[in-house]
Amino acid sequence: MAKDVTDSKGGPAHVAIIMDGNGRWAQQRGRPRLFGHHAGAKRVREIVAACPDLGVKYLTIFAFSTENWKRTQSEVAGLMRLFRRYIEREAMALIEDGVRVRFIGDRIKLDEKLVSLMDNLELATAHNDKVHLTIALNYGGRDEVTRAAQLMALEIEQGRLSHKEVDAETLSRFLDTRFLPDPDLVIRTSGEARISNFLLWQSAYAEYEFVDTLWPDFTAGEFGEILAGFGGRERRFGAATV
Ligand code: IPE
Ligand code: IPE
Ligand code: MG
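This is a predicted model, so every value here is computed, not measured.

Digging into the overall build of the protein chain
Then comes step 1: A count of helical and extended segments in the protein chain gives 7 helices and 6 strands.
Then comes step 2: For the protein chain, the succession of helices and strands along the chain, N to C, is β-α-α-β-α-β-α-β-α-α-β-β-α.
Then comes step 3: Computed over the C-alpha atoms, the radius of gyration of the protein chain is 18 Å, within 12% of the 18 Å expected from 2.2 N^0.38 for a compact globule of 242 residues.
Then comes step 4: The principal-axis extent of the C-alpha atoms belonging to the protein chain is close to 55 × 50 × 35 Å.
Then comes step 5: Counting over 242 residues, the protein chain shows a buried share of 50%.
Then comes step 6: Across the protein chain, the fraction of contacts at a sequence separation of at least 24, relative to all contacts at a separation of at least 6, is 77%.
Then comes step 7: Counting only carbon and sulfur atoms, one obtains 51% of the accessible surface of the protein chain, whose full area is about 12,300 Å².
Then comes step 8: Distance between charge centroids for the protein chain: 5 Å, based on 33 positive and 35 negative side chains.

Laid out in structure tokens, this is it:
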């Protein structure tokens, strides 16, 4: 897939965000972690709404990782409830605002009700094209590549694919992100400078931006500033320029 998709303003066409820091935001206020998750969920609308003006065609957000099941049962249950409520509450606005929503990650561990809400939202927004919002839910980069390898192995076993055809392009077609260009920019909030298993394969040449702001405090204004800074970066994709 194209690695250097940039919009006409020279900004990144595909931005991926690791929305981190909800727990600490709540803790600073002496509130339970879920209070922070609710505040974080509210931020998403503002960031999605800012995308068209900023030239961002694809926005991919990390909502729940394959490792987040390690949290307490009550936090996990609260998050799953929040995801269900979020889809129910936001569906109409997303449909009307021209946002195409898709989910990446393994749905097998998610409850039926949530999966059916996800399926319905994907269907209801399938003809939208203003902004492509991809929500990573029970997503992990290693898990995704492992599932892709399994799918490929099955195709080979069934004689539909030859091992000689297995290259980077073929593998990309088996990933959850098969419909997405690679991210140009990955932003992580909350001051942590790590990837935490997000878009491992796809971010091979992405630029990274780590900001201290906790996710519930992240504004469209800050988002715009980061994107403005991106324009000045020279991306070489491995080539020499001098
Ligand atoms: C990110 O915020 C949201 C999820 C992982 C679901 P955290 O919950 O990781 O917040 P911190 O890192 O504990 O502050
Ligand atoms: C990454 O944040 C996952 C999401 C933002 C959904 P985490 O808070 O789970 O990552 P670690 O544990 O700090 O690496
Ligand atoms: Mg965190």
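Thoughts on the site of ligand 1
Then comes step 1: Surveying the vicinity of ligand 1 reveals the residues M19, D20, G21, N22, G23, R24, R33, H37, A63, N68, R71 and L79.
Then comes step 2: Contact between ligand 1 and N22: an oxygen atom at 3.1 Å from a main-chain N or O atom of the residue.
Then comes step 3: R33 places a polar side-chain atom, nitrogen or oxygen, 2.8 Å from an oxygen atom of ligand 1.
Then comes step 4: Protein chains bury 87% of the 380 Å² of accessible surface belonging to ligand 1 in isolation.
Then comes step 5: Put simply, the parts of the chain that give the shell around ligand 1 at least two residues each are α1 (22–28) and α2 (33–54).
Then comes step 6: Here the residues of the shell around ligand 1 are counted per class, giving 3 nonpolar, 5 polar and 4 charged.

As for helix α4 (residues 112–124)
Then comes step 1: The terminal C-alpha atoms of α4, which comprises 13 residues, lie 18 Å apart, in line with the 18 Å expected from a rise of 1.5 Å per residue.
Then comes step 2: Each element contacted by the buried residues of α4 is listed here: α3 (73–96), β3 (99–104) and β4 (131–139).
Then comes step 3: One side-chain oxygen at the N-terminal end of α4 lies 3.0 Å from the backbone nitrogen of K113; it belongs to D111.

Focus: the packing of aromatic side chains
Then comes step 1: Scanning the model with the defined rule gives 10 aromatic pairs in all.
Then comes step 2: On the basis of an interplanar angle of 75° and a centroid distance of 5.0 Å, the ring pair of F64 and W69 is categorised as edge-to-face.
Then comes step 3: On the accessibility criterion, F64 (0% relative accessible area) is buried.
Then comes step 4: With a relative accessible area of 24%, W69 lands in the partly exposed category.
Then comes step 5: Ring plane angle 25° and centroid distance 5.4 Å describe the contact between W215 and F218, whose orientation is recorded as stacked.
Then comes step 6: Overall, the relative accessible area of 0% leaves F218 in the buried class.
Then comes step 7: Through a chain of ring-to-ring contacts, the aromatic side chains of F62, Y139 and F198 assemble into a single cluster.
Then comes step 8: In this arrangement the basic side chain of R29 is found over the ring face of W25, its NZ or CZ atom lying 3.9 Å from the centre.
Then comes step 9: It is R31 that lies over the ring of F35; its NZ or CZ is 3.9 Å from the centre.

A short note on the site of ligand 2
Then comes step 1: Around ligand 2 sit I18, M19, D20, F62, A63, F64, N68, R71, R188, R194 and S196, and those are all the residues in its vicinity.
Then comes step 2: Within the side chain of D20, a nitrogen or oxygen atom sits 3.2 Å from an oxygen atom of ligand 2.
Then comes step 3: Residue R194 places a side-chain N or O atom 2.7 Å away from an oxygen atom belonging to ligand 2.
Then comes step 4: Here ligand 2 has 390 Å² of accessible area as a free molecule, and 77% of this is covered by the chains.
Then comes step 5: Element by element, the count of residues in the shell around ligand 2 is highest for strand β2 (residues 58–65), at 3 residues.
Then comes step 6: In the shell around ligand 2, the residues fall into 5 nonpolar, 2 polar and 4 charged.

Some remarks on α2
Then comes step 1: Here α2 contains 22 residues, and its C-alpha end-to-end distance of 31 Å stays within 8% of the 32 Å for a straight helix at 1.5 Å per residue.
Then comes step 2: Listed in full, the buried residues belonging to α2 are G36, H37, A39, G40, A41, V44, I47, V48, A50 and C51.
Then comes step 3: Of the residues trailing α2, G55 is marked for its positive phi of about 80°.

A few points about the packing of α2 against α3
Then comes step 1: Two elements in contact, α2 and α3, have axes whose closest approach is 10 Å; the angle formed by their N-to-C orientations is 25°. Comparing their axes, α3 and α2 come out roughly parallel. Here α2 and α3 pass one another in a crossing that is right-handed. From α2, R33, L34, H37, H38, A41, V44 and R45 reach across to α3, where they touch S74, E75, G78, L79, L82, R85, Y86, E90 and A93.
Then comes step 2: Of the residues assigned to the contact of α2 with α3, the class counts are 7 nonpolar, 4 polar and 5 charged.

Rules and cut-offs
- Residues numbered from 1 in each chain as written.
- Chains lettered and ligands numbered in written order.
- Predicted model: local features only at pLDDT ≥ 70, side-chain atom pairs only at ≥ 80, totals over all residues.
- Heavy atoms only, no water.
- Helix = DSSP H or I, 4+ residues; strand = E, 2+ residues; numbered from the N terminus.
- Rg over C-alpha atoms; globule rule 2.2 N^0.38 Å.
- Buried < 20%, exposed > 50% of the residue type's maximum accessible area, 1.4 Å probe, protein only.
- Contact = heavy atoms within 4.5 Å.
- Areas by Shrake-Rupley, 256 points an atom, 1.4 Å probe, with all protein chains shown as cover.
- Lys, Arg positive; Asp, Glu negative; His and termini not counted.
- Charge placed at Lys NZ, Arg CZ, Asp CG, Glu CD.
- Near = heavy atom within 4 Å.
- Polar contact = N/O pair within 3.5 Å; in protein donor to acceptor, adjacent residues only side chain to side chain.
- Nonpolar A, V, L, I, M, F, W, Y, C, P; charged D, E, K, R; others polar.
- Expected span 1.5 Å × (residues − 1).
- Phe/Tyr/Trp six-rings, centres within 6.5 Å; stacked < 30°, edge-to-face > 60°.
- Lys NZ or Arg CZ within 6 Å of the ring centre and 35° of its normal.
- Axes fitted to C-alpha atoms, helices over the stretch in contact; angles between N-to-C directions.
- Parallel < 35°, antiparallel > 145°, perpendicular 65-115°, else oblique.
- Left-handed = near helix turned anticlockwise from the far one by under 90°.

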